[in-house]
Amino acid sequence: RKSVVRITTGSQALDELLGGGIETLCITEAFGEFRSGKTQLAHTLCVSTQLPIHMHGGNGKVAYIDTEGTFRPERIVPIAERFGMDANAVLDNIIYARAYTYEHQYNLLLGLAAKMAEEPFRLLIVDSVIALFRVDFSGRGELAERQQKLAQMLSRLTKIAEEFNVAVYITNQVIADPGGGMFITDPKKPAGGHVLAHAATIRLMLRKGKGEQRVCKIFDAPNLPEGEHVFQVTSGGIMD
Ligand code: GTP
Ligand code: MG
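Okay, so let's go over this structure. Residue numbers run consecutively from 1 along every chain, following the written order of its sequence. The lettering of chains begins at A and the numbering of ligands begins at 1, in the order of writing. For this predicted model, a pLDDT threshold of at least 70 governs which residues receive local features, and a threshold of 80 or more governs which side-chain atom pairs are given and counted, while totals over whole chains, interfaces and linings are taken from all residues. Based on all heavy atoms of the structure, the side-chain values leave hydrogens and waters out of the count.

### Structural notes on the site of ligand 1
With respect to spatial proximity, 15 residues lie near ligand 1, and among them Arg35, Thr39, Gln40, Glu212 and Arg214 are the closest. Throughout this description, a polar contact denotes any pair of N or O atoms lying within 3.5 Å of each other; where both atoms belong to protein, one of them has to be capable of donating a hydrogen while the other can accept it, and for residues adjacent in sequence the pair is counted only when both atoms sit in side chains. Here an oxygen atom of ligand 1 and a side-chain polar atom of Thr39 are 2.7 Å apart. Between ligand 1 and Arg75 there is a distance of 3.1 Å, counted from an oxygen atom to a side-chain nitrogen or oxygen. For ligand 1, whose unbound accessible area comes to 670 Å², protein coverage reaches 70%. Helix numbers and strand numbers start at the N terminus; a helix is a DSSP run of H or I with at least 4 residues, a strand a run of E with at least 2. Every element with two or more residues in the shell around ligand 1 is listed here: α2 (38-48) and β12 (229-234). Counting residues per element, the shell around ligand 1 draws most heavily on α2, which supplies 3 residues. Taken together, the residues of the shell around ligand 1 break down into 2 nonpolar, 6 polar and 7 charged. Nearness is defined per residue: one heavy atom within 4 Å of the molecule or strand is enough. Computed with a 1.4 Å probe, the accessible areas rest on the Shrake-Rupley method; for each residue, only the protein chains presented here act as cover. The residue classification treats Ala, Val, Leu, Ile, Met, Phe, Trp, Tyr, Cys and Pro as nonpolar and Asp, Glu, Lys and Arg as charged. All others, Gly included, are polar.

The structure is reproduced here in structure tokens:
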């Protein structure tokens, strides 16, 4: 049996919320409005995953699938310095690919599995997991097919997490809630419907606070701690 590894987010508050950090063997989803910190958390995890285990890292490589073109290698440099790591070595251990269609995104995952069989990876990022689906299946009658393809993609991600003991971090968008009265205080909900809700083990709901502050809540998990946890987005990445 593979044993779970927890990877620090860079923020103690967030780590506490997660029971030590994001976990291997499952999918962690972050959703929230633009600039809420989803991509910055991805950048921080690119570095912290490479820390040794005793420093709350995963001692492994990172695969990054970028569907929005928002990965910034130059952002990795100050984050690596903050953790006392060599930035070039850290960058060398991030395998990066830009995806342009949902099919391309899926095929990249197939290729990655072959790589992961050979080298020790500990994190797979897909930022954003759903954006290309929303573009490629934008027609009104295409929702059922979209959800079916999305389910296929997510099941592939779960398989990778379990087979290679990798943490999967995916980002998601928020959409307006069409009604029903469940979201009166915040009329937004994560995209992807029940397919995504079912695949993600932990769902982090992020929102902007004052200045560089961001607020995180666990979404829709009755067994996990309630309450809001505050972190900051800084040039050194996510921190308290
Ligand atoms: P979308 O992808 O647009 O939905 O947003 P997101 O949730 O991915 O937001 P992202 O993680 O890109 O967060 C952007 C926030 O990080 C912005 O408020 C930026 O100002 C902040 N940010 C990015 N780089 C830096 C930096 O080097 N220093 C600091 N202090 N903040 C930064
Ligand atoms: Mg982003």
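Read on for the rest.
### Brief notes about the nonpolar core
With 36 residues, the main nonpolar core has Tyr169 and Leu204 as its most contacted residues. Considering each element in turn, this core owes the most residues, 5 residues, to α2. When near neighbours in sequence (up to four residues on either side) are disregarded, Tyr169 contacts Ile22, Thr28, Ala30, Lys38, Leu41, Ala42, Leu45, Leu123, Leu124, Ile125 and Val126. With 32 residues, the next largest nonpolar core counts Leu132, Ile160, Val168 and Ala200 among its residues. Only buried residues count toward a nonpolar core, which is a set of Ala, Val, Leu, Ile, Met, Phe, Trp, Tyr and Cys residues joined through side-chain atoms within 4.5 Å. Burial classification: accessible surface area is computed with a 1.4 Å probe over protein chains only, and a residue below 20% of its type maximum counts as buried, one above 50% as exposed, and the rest as partly exposed. Every residue pair with non-hydrogen atoms within 4.5 Å of one another is taken to be in contact.

### Details of the environment of Arg6
Considering the arrangement of structural elements, one finds Arg6 in strand β1 (residues 6-7). In sequence terms Arg6 and Ile22 are 16 residues apart; their C-alpha atoms lie 5.3 Å from each other. From its side chain, Arg6 meets the backbone oxygen of Gly19 in a polar contact 3.2 Å long. One polar contact links Arg6 to Glu23, side chain to side chain, over a distance of 3.1 Å.

### Some thoughts on helix α5 (residues 102-118)
Owing to its 3.6 residues per turn, the α-helix aligns residues three or four sequence positions apart on the same side. For α5, built from 17 residues, the straight-helix expectation of 24 Å at 1.5 Å per residue is met to within 8% by its first-to-last C-alpha distance of 25 Å. The complete set of buried residues in α5 reads Tyr102, Gln105, Leu109, Leu112, Ala113 and Met116. Across the axial projection of α5, the buried residues extend over an arc of 110°, all falling on one side. Of the surrounding secondary structure, the elements contacted by the buried residues of α5 are β4 (61-66), β5 (94-98), β6 (121-127), α6 (131-136) and α7 (143-164). The length a helix should cover is 1.5 Å for every residue beyond the first. Here the arc refers to the directions that run from the helix axis out to each C-beta atom.

### Concerning unusual backbone geometry
Residues Asp127 and Ser128 are joined by a peptide bond in cis, for which omega reads 0°. Locating Ser128 in the fold gives a position in the loop between β6 and α6. Its identity is not glycine, yet Arg35 carries a phi of approximately 65°, on the positive side. Structurally, Arg35 is set in the loop between β3 (27-32) and α2. Judged by relative accessible area, Arg35 falls into the exposed class, the value being 63%. Positive phi values are uncommon outside glycine, yet Asn165 reaches one of about 50°. Looking at the secondary structure, you find Asn165 in the loop between α7 and β7 (167-172).

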